[in-house]
Amino acid sequence: MNVIAENVARIREEMARAEAQAGRPEGSVQLLAATKMNGAEQVRAAIAAGVDACGENRVQELVEKNEQSAYTGAPLHFIGHLQKNKAKFLVGVADLIQSVDSPELMAVINRLAEKKGVVQDILIEVNIGGETAKSGILPEQADEMSAKMEEYPNLCLRGFMTIPPIAVENGGNLRYFAKMYQLYVDIKRKKYDNTNIEYLSMGMSDDFADAIKEGTTMIRVGTRIFGARQYVKK
Ligand SMILES: *Cc1c(COP(=O)(O)O)cnc(C)c1O
C-alpha cells in the first residue's frame, strides 16, 4: 500500500471511532481530500484510496489539474476564497462551491449558472469565530443569506462550511463546531426555496474528531493525507 492509501485508511479508522463515540452511524461523515499544492498523481492516489471528494483552493490550480483529468472518479469541490471574476471557471465545473461568502458572489454565480443552463450547488462559508481577517459571512447573517436563496433559481444551497479560529489548546474548537451545528440545524429546518441542506463542512487534520463529535457531515483533510505541504517562494 502506498503512503497516501495508508494515511486514508488510518483516518477512516479514526473517523469510525469518533462516529461511534458520538453515537453516530458509521459512514455518516464524508472525507474530502484538500488537494492544494499536490499534483495530479497524488490526487489520483487519494481517489484510488477512496476519499469521497476532492477540494481545491485556487481556481488556477483546479483548472490545471482538471485538464490533466486528476479528479476523475470523485466529486470536485472548491474550498478556497473565490473572487467574483474567477467564478466563471468554476460554475458547471465544480460539483460544489463551498466558499460562497457574499450576496454579490451568490448573484454572480447564479447569473453564470443561468447562462450555462445548470443549477450550481453551493455552501455558504460562515466565519464562525467572527475573526476580522477571515472570509465568510458572520453567523448573524447566515439566516438572511439563506432566505435570499429564493431569488436564485440556478443555485441550490446544500449547507455550510466553516474554518474556525486556530485552536491554542486541545478541544479549543468544540464550542465553534457546536455553534455551527446549531446554525446548520436551525436553517435546515426552515426549508427555504432553492435549498436542500444536508452538508456541514467542518474539521481538518488537527481537529476532525472534535468536529465529528459536534455533528460535521464532511471533514476536509490535507496534511494527514498528503503530508506537510512544501511552500515554495516564487
Ligand atoms: C488546506 C485546507 C484544509 C486542510 O487543512 P489541513 O490542516 O492540511 O488538513 C481544509 N480546508 C481548507 C479550506 C483548506 O484550505
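For the structure itself, look to the data block above.
Notes on the structure follow.

Rules of the game
- Residues numbered from 1 in each chain as written.
- Predicted model: local features only at pLDDT ≥ 70, side-chain atom pairs only at ≥ 80, totals over all residues.
- Heavy atoms only, no water.
- 1 Å grid on protein atoms, 1.4 Å probe; cavity = no way out; pocket = protein on both sides within 12 Å on 5 of 7 lines; lining within 4 Å.
- Points joined across faces, edges and corners; volume = space filled by probe spheres on them.
- Helix = DSSP H or I, 4+ residues; strand = E, 2+ residues; numbered from the N terminus.
- Nonpolar A, V, L, I, M, F, W, Y, C, P; charged D, E, K, R; others polar.
- Expected span 1.5 Å × (residues − 1).
- Buried < 20%, exposed > 50% of the residue type's maximum accessible area, 1.4 Å probe, protein only.
- Contact = heavy atoms within 4.5 Å.
- Core = buried A, V, L, I, M, F, W, Y, C linked by side-chain atoms within 4.5 Å.
- Phe/Tyr/Trp six-rings, centres within 6.5 Å; stacked < 30°, edge-to-face > 60°.
- Near = heavy atom within 4 Å.
- Polar contact = N/O pair within 3.5 Å; in protein donor to acceptor, adjacent residues only side chain to side chain.
- Areas by Shrake-Rupley, 256 points an atom, 1.4 Å probe, with all protein chains shown as cover.
- Sits in = over half its atoms within 2 Å of the grid points.
- Pairing = 2+ DSSP bridges.
- Right-handed = clockwise from strand over helix to strand, strands pointing away.

Here we look at the layout of surface pockets
Piece 1. Considered as a void within the structure, the largest pocket measures approximately 720 Å³ in volume.
Piece 2. The dominant element in the lining of the largest pocket, judged by the number of residues it contributes, is helix α7 (residues 208-213), at three residues.
Piece 3. Residue composition of the lining of the largest pocket, by class: twelve nonpolar, eight polar and nine charged.

Some details on helix α4 (residues 103-116)
Think of an α-helix as turning once every 3.6 residues; residues three or four places apart then point the same way.
Piece 1. Taking 1.5 Å of rise per residue, 14 residues should cover 20 Å, and α4 covers 20 Å from first to last C-alpha, within 8% of that figure.
Piece 2. Within α4 the residues assigned to the buried category are L105, M106, V108, I109, N110, L112 and A113.
Piece 3. In this structure, the buried side of α4 is in contact with β4 (96-100), β5 (120-126), α5 (142-147) and β6 (155-162).
Piece 4. Directly beyond the C-terminal end of α4, a positive phi value near 70° is found at G117.

Considering the nonpolar core
Piece 1. Within the largest apolar cluster, 63 residues are counted, with the highest numbers of intra-cluster contacts made by L31, L82, I109, F160 and I225.
Piece 2. Those residues in contact with L82 that lie beyond four places of it in its chain are V59, A87, L90, I97, L105 and I109.

A few points about the packing of aromatic side chains
Piece 1. Counted under the stated rule, the structure contains one aromatic pair.
Piece 2. Summarising the aromatic geometry, the rings of Y181 and Y184 are spaced 5.9 Å apart at their centres and angled 45° between planes, so their arrangement reads as tilted. Placement of the pair is Y181 and Y184 together in helix α6 (residues 174-190), with a separation of three residues, close to one helical turn.
Piece 3. The class of Y181 is partly exposed, set by a relative accessible area of 32%.
Piece 4. Residue classification places Y184 among the buried positions, given a relative accessible area of 6%.

Some details on the site of the ligand
Piece 1. As a matter of local geometry, the ligand sits amid A34, K36, N57, I79, I163, M204, S205, R220, V221, G222, T223 and R229.
Piece 2. Between the ligand and K36 there is a distance of 2.7 Å, counted from an oxygen atom to a side-chain nitrogen or oxygen.
Piece 3. S205 is positioned with one of its side-chain polar atoms (N or O) 2.5 Å from an oxygen atom of the ligand.
Piece 4. Contact with the protein chains hides 90% of the accessible area of the ligand, taken as 380 Å² for the molecule alone.
Piece 5. Its atoms largely coinciding with the cavity grid, the ligand occupies the largest pocket.

Digging into the pairing of β6
Piece 1. β6 sits mainly inside the fold: eight of its eight residues count as buried.
Piece 2. Relative to β6, β5 runs parallel, the two sharing seven bridges. Paired with L123 across the two strands is G159, which belongs to β6.
Piece 3. Summarising the sheet, β6 and strand β7 (residues 195-201) pair through four bridges and their orientation is parallel. Bridge assignment links L157 to a residue of β7, and that residue is T195.
Piece 4. Tracing the backbone out of β6, into α6 and back to the parallel element β7 gives a crossover that is right-handed.

A closer look at the side chain of R220
Piece 1. With respect to the element layout, R220 can be found in strand β8 (residues 218-221).
Piece 2. Among the polar contacts made by the side chain of R220, one reaches the main-chain carbonyl oxygen of S201 at a distance of 2.9 Å.
Piece 3. What R220 contacts, discounting residues up to four positions off in sequence, is L32, I79, Q98, M161, T162, I163, S201, M202, G203, M204 and S205.

Brief notes about unusual backbone geometry
Piece 1. For S69, which is not glycine, the phi dihedral falls at a positive 55°.
Piece 2. Tracing the sequence through the fold places S69 in the loop between α3 (59-67) and β3 (76-78).
Piece 3. Judged by relative accessible area, S69 falls into the partly exposed class, the value being 43%.
Piece 4. Its identity as a non-glycine residue notwithstanding, N194 has a phi of 60°, on the positive side.
Piece 5. Along the chain, the position of N194 falls in the loop between α6 and β7.

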